Amino acid sequence: MKKILFAMIASVSALSAMSAAHAEGPYVGVGVTANRYDFSVPGATSADNHSGAKAGGKVFAGYDLNQTWAVEGGYADFGSKDYSYVNGAGAGGNVKSDSHGYYLAGKATMPVNEKVGVFGKLGVARVDNSLSGSGLSTGIRGENKTGVYASLGAQYAINEKVSLTAEVEHFGKSADQGHKATGLAVGARYNF
């Protein structure tokens, strides 16, 4: 029992020491995203690969309320992807998807040690998936979807101002064609 009590006191003391070193206030960041695309055109045979990953960019800003809680918003450009195909009648076509999204979320961080923390974010996202192309009799349209944004990740503090981040992000429900809603992001953030 004494060991458990001692461990609890040591944990609270360590968290208090980290809280004192943690700066509250605004931060900004940039990152690179990797997202999956998948095209499924009815009756089409593929001339290109209909799925794959594409790199994009991300910018975000937030405010640390304390060591644990923050509010964050951001913009992610998921890149664009082309898909060429031949339909059952032998006619060719092309589909191009260009996607980006916005999010606003609450963020909870749990420190692992002085340099490393793990975090989760939960909020709302808006994804704009613009589709264009030729050769489809049904037409091609874009999809704009609003849904739940969720993220799990980790951050490493290089110093008091700069941290590196890595996370898996989910931007709501996937589009029927083109960009899929879950991707990876790595980045850097600067605390003011």
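Residues numbered from 1 in each chain as written. Predicted model: local features only at pLDDT ≥ 70, side-chain atom pairs only at ≥ 80, totals over all residues. Heavy atoms only, no water.

## Considerations on the packing of aromatic side chains
1) Next: A complete count under the given rule lists seven aromatic pairs for this structure.
2) Next: Measuring from ring centre to ring centre gives 5.3 Å for Tyr190 and Phe192, while their planes differ by 85 degrees; the resulting arrangement is edge-to-face.
3) Next: Given a relative accessible area of 37%, Tyr190 falls into the partly exposed group.
4) Next: Using a relative accessible area of 51% as the deciding quantity, one classes Phe192 as exposed.
5) Next: Counting every residue linked through ring pairs, the aromatic cluster contains Phe78, Tyr103, Tyr149 and Phe171.
6) Next: The lysine or arginine in question, Lys58, covers the ring of Phe60, its NZ or CZ lying 5.1 Å from the ring centre.
7) Next: Taking the ring centre of Phe119 as reference, the NZ or CZ of Lys107 above it sits at 4.4 Å. (Phe/Tyr/Trp six-rings, centres within 6.5 Å; stacked < 30°, edge-to-face > 60°. Buried < 20%, exposed > 50% of the residue type's maximum accessible area, 1.4 Å probe, protein only. Lys NZ or Arg CZ within 6 Å of the ring centre and 35° of its normal.)

## Some thoughts on the pairing of strand E7 (residues 143-157)
1) Next: Taken together, the nine bridges between E7 and strand E8 (residues 162-171) define a ladder with antiparallel strand orientation. Pairing of Ala157 across the sheet is with Ser163, part of E8.
2) Next: Connecting E7 to the antiparallel partner E8 that follows it, the hairpin turn spans four residues. (Pairing = 2+ DSSP bridges. Helix = DSSP H or I, 4+ residues; strand = E, 2+ residues; numbered from the N terminus.)

## Looking at the side chain of Asn191
1) Next: Within the fold, Asn191 resides in strand E9 (residues 178-191).
2) Next: Residue classification places Asn191 among the buried positions, given a relative accessible area of 10%.
3) Next: Engagement of the side chain of Asn191 in a polar contact is seen with the backbone oxygen of Glu160, the distance being 3.4 Å.
4) Next: A polar contact is formed between the side chain of Asn191 and the side chain of Arg189, at a distance of 2.6 Å.
5) Next: Setting aside residues up to four positions removed in sequence, Asn191 forms contacts with Pro26, Tyr27, Asp64, Glu160, Lys161 and Ser163. (Polar contact = N/O pair within 3.5 Å; in protein donor to acceptor, adjacent residues only side chain to side chain. Contact = heavy atoms within 4.5 Å.)

## So, the nonpolar core
1) Next: Judged by nonpolar contacts, Tyr27, Tyr37, Phe60, Ala70, Ala76, Phe78, Tyr103, Ala105, Ala125, Val127, Tyr149 and Phe171 together constitute the single largest core of twelve residues.
2) Next: Those elements that place two or more of their residues in this core are strand E1 (25-38), strand E4 (69-87), strand E5 (92-111) and strand E6 (116-134).
3) Next: If you tally residues by element for this core, the top one is E4, at three residues.
4) Next: When near neighbours in sequence (up to four residues on either side) are disregarded, Ala76 contacts Gly57, Lys58, His100, Gly101 and Phe171. (Core = buried A, V, L, I, M, F, W, Y, C linked by side-chain atoms within 4.5 Å.)

## Comments concerning a nonpolar patch on the surface
1) Next: A cluster of nonpolar side chains, namely Tyr63, Leu65, Trp69, Val71, Leu104 and Val124, defines an oily patch on the protein surface of about 590 Å² accessible area.
2) Next: Tracing the chain through its elements places Leu65 in the loop between strand E3 (51-64) and E4. (Patch = residues over 30% accessible without salt bridge, like charges linked within 9 Å, V, L, I, M, F, W, Y side chains within 5 Å. Areas by Shrake-Rupley, 256 points an atom, 1.4 Å probe, with all protein chains shown as cover. Salt bridge = Lys/Arg side-chain N within 4 Å of Asp/Glu carboxyl O.)

## Re the confidence of the model for the protein
1) Next: Of all residues in the protein, 69% attain a pLDDT of 70 or more, and the chain-wide mean is 78.
2) Next: At the level of individual helices and strands, the protein shows its lowest average pLDDT in helix H1 (residues 2-21), which scores 43, and its highest in E8, which scores 94.
3) Next: Across residues 1-21, where pLDDT falls below 50, the model places seven contacts with residues more than four positions away in sequence or in other chains. (pLDDT = per-residue confidence, 0-100.)

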